[in-house]
Structure formats: C-alpha cells, structure tokens
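Chain by chain, the residues:
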Amino acid sequence: MVITTVLVLFTVFLVREILEVRRQTSFIDSVTHELKSPLASLKLCAETLARQELEAERREQLRVMMLEDVDRLITVIDGILLASRVGQGRIVREDTKVELKDLVARCVTAMARGHRIDPATIAVDLLSQAEHAEAS
C-alpha cells in the first residue's frame, strides 16, 4: 500500500513537472517569435539603408519602420518583465475601474501600428451602460 501511494504521488509530481516544462517551452517559443520578427525587419531595413542609390523618401520610410520595430521590441520586453513581476508576487493589482472605451482605443492603435495600417480604418462601436440599458 505504501509503495503504491508513493508511486501515485511520484506520477502526479512527474505529470505536473512535464506540464510545467511544456508551458515554459511554449512561452519561450512565443517570446522568441515575437523578438525575431522585429529583429529580422530591423536587419532588412539596415541592409537596405546601406544602399547608396536609395532615395531620401524611402530612407525616411525605412527609418520610421525601424522606430516602430524598436517600439514593438520594447513593448514585448516590458510585457515579459511585467509578467515576471506579477508572477513573483512583486506587483499586486487592486481592482480598479477600467474605462473600456479608452482601453479599446489603445488596443486598436497598438494593433494598427503592429500591422502598419491606419487606425481610422478600424471601426469600433461601443455602447455605454446607459445606451445598453436603453437598447435592451
């Protein structure tokens, strides 16, 4: 009976460890992808900027693209650092009210910038609580 109990506990422990390793591997794969994409773009822009015959307008476009990619890298790194602090319990978030309209606007801006599209092309229609109550 004792041996069976020890084996069951050991198996449970191993399964938990395997699942944790899978989560870590998945996280590392995601982070690696998020870091490599802007780095590859930065490298391509830098190589293109080295061409002597490049027009001034194209140079400016590449410069802007490079700054956007640097911003993406900073955002990814800041997110990883924040997640690490939250995971270690160093940051405890209190329940706060969030203005959904502002949050959605920031998300739209970030996604548009990440996909290099004009935020004005994305239409968002949010109802306030009062409007939602009237519509119901």
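Residues numbered from 1 in each chain as written. Predicted model: local features only at pLDDT ≥ 70, side-chain atom pairs only at ≥ 80, totals over all residues. Heavy atoms only, no water.

(A) Quick peek at helix H2 (residues 56–87). Along its 32 residues, H2 runs 46 Å from first to last C-alpha, staying within 8% of the 46 Å computed at 1.5 Å per residue. Within H2, burial applies to Leu 62, Asp 69, Leu 73 and Val 76. Contacts from the buried residues of H2 go to helix H1 (2–49). Looking one or two places after H2, you find Gly 89, whose phi comes out positive at around 80 degrees. (Helix = DSSP H or I, 4+ residues; strand = E, 2+ residues; numbered from the N terminus. Expected span 1.5 Å × (residues − 1). Buried < 20%, exposed > 50% of the residue type's maximum accessible area, 1.4 Å probe, protein only. Contact = heavy atoms within 4.5 Å.)

(B) Highlighting the packing of H1 against H2. For the pair H1 and H2, interaxial distance at closest approach is 9 Å and the crossing angle is 160 degrees. As the angle between them shows, H1 and H2 are arranged roughly antiparallel. The interaxial crossing formed by H1 with H2 has left-handed handedness. Of the residues assigned to the contact of H1 with H2, the class counts are 17 nonpolar, three polar and four charged. (Axes fitted to C-alpha atoms, helices over the stretch in contact; angles between N-to-C directions. Parallel < 35°, antiparallel > 145°, perpendicular 65-115°, else oblique. Left-handed = near helix turned anticlockwise from the far one by under 90°. Nonpolar A, V, L, I, M, F, W, Y, C, P; charged D, E, K, R; others polar.)

(C) Region of the structure containing the pattern of salt bridges. All told, the structure shown has four salt bridges when counted by the stated rule. The closest approach of N and O atoms between Glu 53 and Arg 51, which form a salt bridge, is 3.8 Å. Residue class for Arg 51 comes out partly exposed when judged on its relative accessible area of 46%. In this structure, the salt-bridge partner of Glu 60 is Arg 63, at a minimum N-O distance of 2.7 Å. Within this pair, Glu 60 and its partner Arg 63 are both found in helix H2, separated by three residues, close to a single helical turn. The class of Arg 63 is partly exposed, set by a relative accessible area of 41%. (Salt bridge = Lys/Arg side-chain N within 4 Å of Asp/Glu carboxyl O.)

(D) Layout of the side chain of Asp 69. Within the secondary structure, Asp 69 sits in helix H2. On the basis of relative accessibility, which here comes to 1%, the residue Asp 69 falls in the buried class.

(E) Inspection of a nonpolar patch on the surface at higher detail. The grouping of Val 98, Leu 100, Leu 103, Ile 117, Ile 122, Val 124 and Leu 126 at the surface amounts to a nonpolar patch, some 540 Å² of accessible area in total. Along the chain, Val 98 turns up in the loop between H2 and helix H3 (100–114). The class of Val 98 is exposed, set by a relative accessible area of 55%. (Patch = residues over 30% accessible without salt bridge, like charges linked within 9 Å, V, L, I, M, F, W, Y side chains within 5 Å. Areas by Shrake-Rupley, 256 points an atom, 1.4 Å probe, with all protein chains shown as cover.)

(F) Examining H1 more closely. With 48 residues, H1 ought to run about 70 Å at 1.5 Å a step, and its terminal C-alpha atoms sit 70 Å apart, in line with that. Listed as buried for H1 are Val 31, Pro 38, Ser 41, Leu 42, Cys 45 and Thr 48. Turning to H1, the residues buried within the fold contact H2.

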